[in-house]
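# Close look at the chain arrangement
Listed below are the residues making up each chain.
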Amino acid sequence: MTAPTPTGCRDAPVLKERGQREVFCGLTGIIWLHRKMQDAFFLVVGSRTCAHLLQSAAGVMIFAEPRFGTAILEEKDLAGMADAQAELDREVARLLDRRHDIRRLFLVGSCPSEVIKLDIGKAAERLSAAHAPHVQVLNYSGSGIETTFTEGEDACLAAMVPVLSESDRKELLLVGALPDVVEDQTLGLLDAIGVTPVRCLPARRAAEAPGVGSKTVFALTQPFLGETSAALVRRGARRIAAPFPFGAEGTTLWLKAVAAEFGIAPEVVDRVTAAPRARAAKAVSGAAETLRGKRIFFMPDSQLEIPLARFLTRECGMQAIEIGTPYLHTAIHGPELDLIEAGPRLSEGQDVDLQLDRVRAARPDLTVCGLGLANPLEAEGLATKWAIELVFTPIHFYEQAGDLAALFARPLRRRALLDRRAPRLEAAE
Ligand code: SF4
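Nothing here was measured: the structure is a model prediction, and the numbers come from that model.

## Re the sheet that holds strand β4 (residues 104-109)
Spatially, β3-β2-β4-β5 is the arrangement adopted by the four strands of the open sheet, whose pairing is parallel. Single-partner strands in this sheet number two, and they are β3 (68-72) and β5 (136-141). Adjacent strand axes in the sheet meet at a mean angle of 25° when their direction is disregarded. In this sheet, β5 lies alongside β4 in parallel orientation, the contact comprising six bridges. The residue bridging L105 from the neighbouring strand is V137, located in β5. The strands touched by helix α2 (residues 48-58) within the sheet are β2 (40-46) and β3, with β3 carrying the most contacts at an inclination of about 165°.

The structure is reproduced here in structure tokens:
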């Protein structure tokens, strides 16, 4: 496969909106991060609201002794009547005493801890010294004031970068929390192509944490890792610019960019990936029958919107009306924007009422949005796709390309099915 000629959305004007938003805060990242990092614990320093958010987002997972919890700030903490730092020390000591499997402890800041200016950075330093070498204590903010949804992962990974050991080896760092099965497939592909050695951030276990240095090159697997990318660059590492590995085309271009960095020709990538590429194209074509010609509207949610719009327009034949993203990092999203044909409106940030007016005026065939908007829009006769599923479902690289397309085809198929049945249901009444 040769690199397609850029058709270009990179220089398109971007509608920037600031107003009421309908998004998750960064605490939600804990739900997938705690599964990935098998010896880590995430302790949110927050209020009952934060605890409830995690409980509802985690669903049934909360019954499986998960590795996350909330140290709830009580009124006396908020009023400054208790020494919150001393209480935190006590909570952490109790937790570590009970859970000997914990090697990394993340103190996660929230809106309440930020508003009362509780210095969790200082707490992390003190607790790290107290519990070293068995447990490393780090901190980051997942608050709704500072972070939107997937930015929680970005903040978490960025917090790990300064404490990675120094490395002077030329290594590829795979950056982004992928489900283990997808990570294994990717490592297998890179190995077959001849890219070696490869390390992962985050590593599954603390003992496998990668090193970083001026010979490190890294490839993002997620588009929302701007802070992590900047932190790695500050450690001397270099980012490989590429489209993201969604769909057959994105995956191939991503692999070719990585291979080029290691002096491996694109033909090698084509040869090695011929079979999975064909499987991906076949799997995508099944769903594309439903998607072709359909108009899609992305509300901002996860920063996955731009790469997904590229995949859906180029490989599934959809037409994008608006591609909304919470943040647009031109450097990171640039290679994707180059591939999206000019036409869709690009928007950054949100004023939800204005955006809903645009959705209603456009009446797209499919609207990608958060859970809070999906059912109300369905009730207005608009088909929706919950954006959160795109973060919880394995969607990267060749083997998942068909599933990714199917996620978008399903709501359209369901709607068509219900439309066909509706007259009969009415007749039965
Ligand atoms: S961090 Fe802020 S936005 Fe998130 S649940 Fe807690 S209070 Fe709400």
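That covers the picture; the talk isn't over yet.
## Examining the confidence of the model for the protein chain
Taken as a whole, the protein chain shows an average pLDDT of 91; of its residues, 93% reach a score of 70 or greater. In this model residues 425-429 is a low-confidence stretch, pLDDT under 50, and it forms zero contacts with partners more than four residues away in sequence or in other chains.

## Describing the packing of aromatic side chains
By the definition in use, this model includes six aromatic pairs. An angle of 10° between the planes, with centres 4.9 Å apart, marks the rings of F42 and F106 as stacked. Separated by 64 residues along the polypeptide, F42 in strand β2 and F106 in strand β4 bring together distant segments of the chain. We note that F42, like F106, is buried.

Analysis parameters
- Residues numbered from 1 in each chain as written.
- Predicted model: local features only at pLDDT ≥ 70, side-chain atom pairs only at ≥ 80, totals over all residues.
- Heavy atoms only, no water.
- Pairing = 2+ DSSP bridges.
- Helix = DSSP H or I, 4+ residues; strand = E, 2+ residues; numbered from the N terminus.
- Axes fitted to C-alpha atoms, helices over the stretch in contact; angles between N-to-C directions.
- Contact = heavy atoms within 4.5 Å.
- pLDDT = per-residue confidence, 0-100.
- Phe/Tyr/Trp six-rings, centres within 6.5 Å; stacked < 30°, edge-to-face > 60°.
- Buried < 20%, exposed > 50% of the residue type's maximum accessible area, 1.4 Å probe, protein only.

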